[in-house]
Amino acid sequence: MHLVLFLIFAGFCLAGAVNLLLQTHPINSALSLIVVMSSLAVLYLLLGAEFLAIAQIIVYAGAVMVLFTFVVMLLNVGEEEKTNGSKIAKTIGFPAAVVILGVIADIILVAQRSLGRVSLDEPITTTKDLSAVLFRDLLLPFELTSVLILIAILGAVALARKEGHS
Amino acid sequence: MNHIFFLQLIPLLPLAGFLVNGLLGRRLPKALVSTVALAAPFAAFLLVVRAAYLIWSGSTFPVVETFAIGTRTAEWINAGPLHVDFTFALDQLTLVMLLIITGVGFLIHIYSVGYMSHEEGYWRYFAYLNLFLFFMSVLVLAENFLLMFVGWEGVGLASYLLIGFYFDKKSAADAGKKAFVVNRIGDFGFLLGMFLLLAQFGSLSFGSIGTSLAAQPALQGGILTAIALCLVVGACGKSAQIPLYIWLPDAMEGPTPVSALIHAATMVTAGVYMIARTHAIFDRSPFALAVVAIIGAATALFAATIGLVQTDIKRVLAYSTISQLGYMFLGCGVAAYSAAIFHLMTHAFFKALLFLAAGSVIHGLSGEQDMRNMGGLRKKLPITFWTMTAGVLAISGIFPFAGFFSKDADLYDAFEHGASGKAIWFVGLVAAGLTSFYMFRLWYLTFFGESRAETQTSAVNDNSHSTLHTSHSVHESPWSMLAPLVILALLSIGGGWIGMKHFGDFLAPVVGAVVDPEKEPGGETFDYFLSVVAVAVAALGWFIAHLFYFRKNDRAAKLAAAMSGVHSLLANKYWIDELYNFIFVRPLKAISTFILGWIGEGVIIRGSTWLLGGIVMLTGELLRRWQSGNLRSYAAWLAAGAAVLILFAGYAITGTWLGAHGIDIHINWAGR
Amino acid sequence: MHVPSSWYLILSALLFTLGVVGFLIKRNLITVFMSIELMLNAVNLSFVTFGHMWRATGQAAIDHRIAERGQIFVFFVMMVAAAEAAVGLAVIIAIFRARGTLNVDQIDLMKL
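Residues numbered from 1 in each chain as written. Chains lettered and ligands numbered in written order. Predicted model: local features only at pLDDT ≥ 70, side-chain atom pairs only at ≥ 80, totals over all residues.

A. Local environment of the overall build of chain C. Helix and strand counts for chain C come out as four helices and one strand. In sequence order, the secondary structure elements of chain C are arranged as β-α-α-α-α. For chain C, buried positions account for 58% of its 112 residues. In chain C, once contacts between residues fewer than 6 apart in sequence are set aside, the share between residues at least 24 apart is 49%. (Helix = DSSP H or I, 4+ residues; strand = E, 2+ residues; numbered from the N terminus. Buried ≥ 20, exposed ≤ 12 C-beta atoms within 10 Å, placed from the backbone. Contact = placed C-beta atoms within 7 Å.)

B. Inspection of the overall build of chain A at higher detail. Tallying secondary structure elements over chain A gives seven helices and one strand in all. Looking at chain A as a whole, 33% of its 166 residues qualify as buried. A separation of at least 24 residues holds for 58% of the contacts in chain A among residues at least 6 apart in sequence.

C. Layout of helix α24 (residues 576-626) of chain B. Residue and element names in this part refer to chain B. Taking 1.5 Å of rise per residue, the 51 residues of α24 would be expected to cover 75 Å, and the 69 Å separating its terminal C-alpha atoms lies within 8% of that figure. A bend of about 40 degrees at Phe582 is the largest found in α24. Counting buried positions along α24 gives zero out of 51 residues, so the element sits mostly on the surface. (Expected span 1.5 Å × (residues − 1). Bend = angle between axes of the 7 residues up to and from the residue.)

D. The arrangement of the interface of chain C and chain A in detail. In this complex, chain C contributes 62 residues to the contact, which on the side of chain A involves 70 residues. Looking at the side of chain C that touches chain A, the element that brings in the most residues is helix α4 (residues 66-99) of chain C, giving 24 residues. Residues that form the side of chain C that touches chain A fall into these classes: 44 nonpolar, 12 polar and six charged. (Nonpolar A, V, L, I, M, F, W, Y, C, P; charged D, E, K, R; others polar.)

E. Layout of the environment of Ala265(B). Residues and elements named next belong to chain B. For Ala265, the location among the structural elements is in helix α10 (residues 256-265). Take Ala265: there are 30 C-beta atoms within 10 Å of it, and that puts it in the buried class. In sequence terms Ala265 and Ala352 are 87 residues apart; their C-alpha atoms lie 6.0 Å from each other. Setting aside residues up to four positions removed in sequence, Ala265 forms contacts with Ile100, Val104, Ala260, Ala348, Lys351 and Ala352.

F. Inspection of unusual backbone geometry at higher detail. For the peptide bond that leads from Ile242(B) to Pro243(B), omega is 0 degrees, which places it in the cis range. Within the fold, Pro243(B) resides in the loop between α8 (223-238) and α9 (247-250). A cis geometry characterises the amide bond from Phe399(B) onward to Pro400(B), with omega recorded as -5 degrees. A positive phi angle, near 55 degrees, is found at Asn76(A), a position not held by glycine. For Asn76(A), the position within the fold is in the loop between α3 (50-75) and α4 (88-110). Unusually for a residue other than glycine, Ala335(B) sits at a positive phi of about 65 degrees.

G. Highlighting the nonpolar core. Formed by 208 residues in total, the largest nonpolar core has its most connected members in Phe132(B), Ala352(B) and Leu353(B). No other element matches helix α15 (residues 337-364) of chain B, which puts 19 residues into this core. Ala13(C), Phe16(C), Leu24(C) and Ala42(C) belong to the second-largest nonpolar core, a separate cluster that totals 86 residues. (Core = buried A, V, L, I, M, F, W, Y, C linked by C-beta atoms within 7 Å.)

H. Broad picture of the environment of Val537(B). All names here are of chain B. Here Val537 shows up in helix α21 (residues 523-549). Exposure remark for Val537: the 21 C-beta atoms within 10 Å place this residue in the buried category. C-alpha of Val537 to C-alpha of Leu429: the two residues are 108 residues apart in sequence and 7.4 Å apart in space.

I. Spotlight on the packing of α3(A) against helix α2 (residues 29-53) of chain C. Their axes nearest at 12 Å, the elements α3(A) and α2(C) cross at an angle of 175 degrees. Considered as vectors, α3(A) and α2(C) are oriented roughly antiparallel to each other. Residue-level contacts link Leu52(A), Val64(A), Phe68(A), Val71(A) and Val72(A) of α3(A) to Ile30(C), Met34(C), Glu37(C) and Val48(C) of α2(C). Considered class by class, the residues forming the contact of α3(A) with α2(C) number eight nonpolar, no polar and one charged. (Axes fitted to C-alpha atoms, helices over the stretch in contact; angles between N-to-C directions. Parallel < 35°, antiparallel > 145°, perpendicular 65-115°, else oblique.)

J. Inspection of the pairing of strand β4 (residues 75-79) of chain B at higher detail. With zero of five residues buried, β4(B) is to be regarded as a mostly surface element. Connecting the antiparallel pair β4(B) and strand β5 (residues 82-85) of chain B is a turn made up of two residues, with Gly80(B) showing a positive phi of about 65 degrees. (Pairing = 2+ DSSP bridges.)

K. The arrangement of the packing of helix α1 (residues 5-25) of chain C against α2(C) in detail. All names here are of chain C. Relative orientation of the contacting elements α1 and α2 amounts to 165 degrees, with a least axis distance of 8 Å. The orientation of α1 relative to α2 falls into the category roughly antiparallel. The hand of the α1/α2 crossing is left-handed. Across the interface between the two elements, Ser5, Tyr8, Leu9, Leu11, Ser12, Leu15, Phe16, Leu18, Gly19, Val20, Gly22 and Phe23 from α1 touch Val32, Ser35, Ile36, Leu38, Met39, Asn41, Ala42, Val43, Leu45, Ser46, Thr49 and Met53 from α2. Across the contact of α1 with α2, the residue classes tally to 16 nonpolar, eight polar and no charged. (Left-handed = near helix turned anticlockwise from the far one by under 90°.)

L. Structural detail: the pairing of β5(B). Note that β4(B) and β5(B) share four bridges and pair antiparallel. The residue bridging Ile77(B) from the neighbouring strand is Val84(B), located in β5(B).

M. Seen up close, the environment of Arg55(C). Residues and elements named next belong to chain C. Positionally, Arg55 belongs in the loop between α2 and α3 (59-64). A residue is classified by how many C-beta atoms lie within 10 Å of it, and Arg55, with 20 of them, is buried. Note: C-alpha distance between Arg55 and Ile66 (11 residues apart in sequence) is 5.2 Å.

N. Here's a closer look at helix α2 (residues 26-46) of chain A. For α2(A), built from 21 residues, the straight-helix expectation of 30 Å at 1.5 Å per residue is met to within 8% by its first-to-last C-alpha distance of 30 Å. The first or second residue beyond α2(A) is Gly48(A), which carries a positive phi of 85 degrees.

Dropping the structure here:
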């Protein structure tokens, strides 16, 4: 069961990511990214992170991606132009990406045995457990994060305002 | 009894004179400069005389004193196995040399007071002269090769300074440079010899080398020949033998007293002194001795032939110096070191006398040096005439003047040296005849006949007299110049009377036994016979000179015209200078222009600046393109950097490259 | 049924690499930004996976709370990503107003 669920939603993740790359219009890329986010939420659930799964949907798919979609539609640039500004991006960038993938994958594959397994009958991390850590040990970072978000709001408003308004 | 000889003061007093005159002399009045300059060599002379007296009254040779500052022994070099000190040693040979140097030197100082009295740079002259005395004393007092080399180089330096004394005259400056460069070539040989000595004996001290040699009687030839030949190169440079004699005739550009002191009496004898000092090495190498003898004989003859046709009075004397040095080398080459030193001593007397008298003639004629413009000076410069006569007789080897005894001893020892010795003797004999001829030629041309000085428009030949000296009519020199002439004339007459036997016995502990005529086949009568032959040859030379030059005739001119090829060869000094110029100087100049100009300035200096500038600009070009502002290229470089980091992080964490041997990842919780 | 943890991690690596590639080849600025979000998500997945892998049992689970900490880290990443997305998109709007284009190759002067 776990295996089947994993395969399906991992497939969705990858398909969405690849589609993000292949699409030319940004709105399509945004929608693919929403697919990725949602699939990731299911995967979190499989890993026993129930709160995180919901948070992923609410925050990422529900807020961040909506924001992206708004901006795409607001700016309405249309399909990408095929410009070729940099050869370096291809000559150095692709090998670098391959190396990154290769190294990480290699290490993980070689260490497979010691990494263990995941199954559905393992305990889920409840929200109660999360909050036990979040509001006790990590209270300060939590509060600071809220200040950070406040600042982000202010900054975004300041940046996106039209010129000429006082 | 052990007296303190104060050996270190003998060089240091002239050094003090140099420092005072050199640093302050410009501002001091002339009388003070002269006093300082004369006091130093006189004090040194007194010290030497005192040393001689102490020896005579009982102190023993050799006296070795290490120059100590306070109570600390002044070690000079103490680097691993090399150990050299400031050590002065006085033995018989050094004593003889010191007496000559300080004695004759002092007389020349007195002479210079008169001769240079009108010169600018008076203080400079005496400073350099004292400097020369300092270095020469160090040379003969040194107890090891390195200290002797200090003196060796130093006299070369002093001679450069003094030859080029009239430095604003191009020929004088060039002559100074030539002397220094040629001496340098000789010094190279000396240095090689020192290196070989160091390699062979591990020490540069005469004492320890002597002991090492004595302890190894089987060590012959081989390395010792090499050492000896290197030292001979040095001696040839300093003592103006073939092939390094070319500097000495040009050195006549210096003031005449300088020629007397440096190029007649003292510096050029340093080479002979060095060979005598290291005779232990030469004795072990018959090949080297043969080389020395051949060089000496060849130079004696060669220089004598050139002297036959020279017209400048100082040049004649210069070539005769080279020739007489050839005799000394000849004496050393047949292992008759005492005879060579004996000739060195008498030569110092009469050659200094000849030069000073020539200077007196030049001074009297207000700067004229060409003998063709002289004549009839016998009545006008009487004291000069008589003293010079003594010198001419002495150099020609006429009995009973000093030169007779020493030259005769040289030739006798050469003859007794085996088959090759007889050939050398013959060459020496011919050279003696030629010497006599050209010296009397000089004598006749200068002092006899009608005066040609006022008939010729005197192209005032200011070689050794600056133009400040206004032309007077012919006049005798002041007493400051004549007194040394008289003293030297007396020494030239009586200097040889000590006799070879006593002189040789005196020096024997240092340079080896002298050949005793009584023990040779033929005995003493053979010695007398050879002497008679020598005197006869000298008289022959005198006679021929008399024929040619006593009264004005054209015999000389006719002979010169008849043998014009030979005459031109001799008058142009066998074109040796031109030959050296062609073979050595021009290629060297071309090479150094090439290296300095093309390589040095072009490639290295301009090239390196071009390179540096180019590198910076190129790097700038490359780096400039990196900052393109293009987001994607930045992203690519970021990814590349991340890839590298991940690679190394993987290596660091797992301990192997890409998990080659299997990785086991787990975490240990503390407290579990 | 069990799924080896390494599969989750491989998936995370793949998503990350796809994000890098997208960052390199996409020409629209917003799409580039989306690739960055993809990278962040990939990393979040690996955090959760490791946290789950190394959760302890019994008393140590309560002492160390590894799984919780992994997820809280992801929580914070999400917060920061949200803030960053807000500000970044505001910047993109400002750029669009100044440049008139969102083509990455044409925004190559560091001035607005």
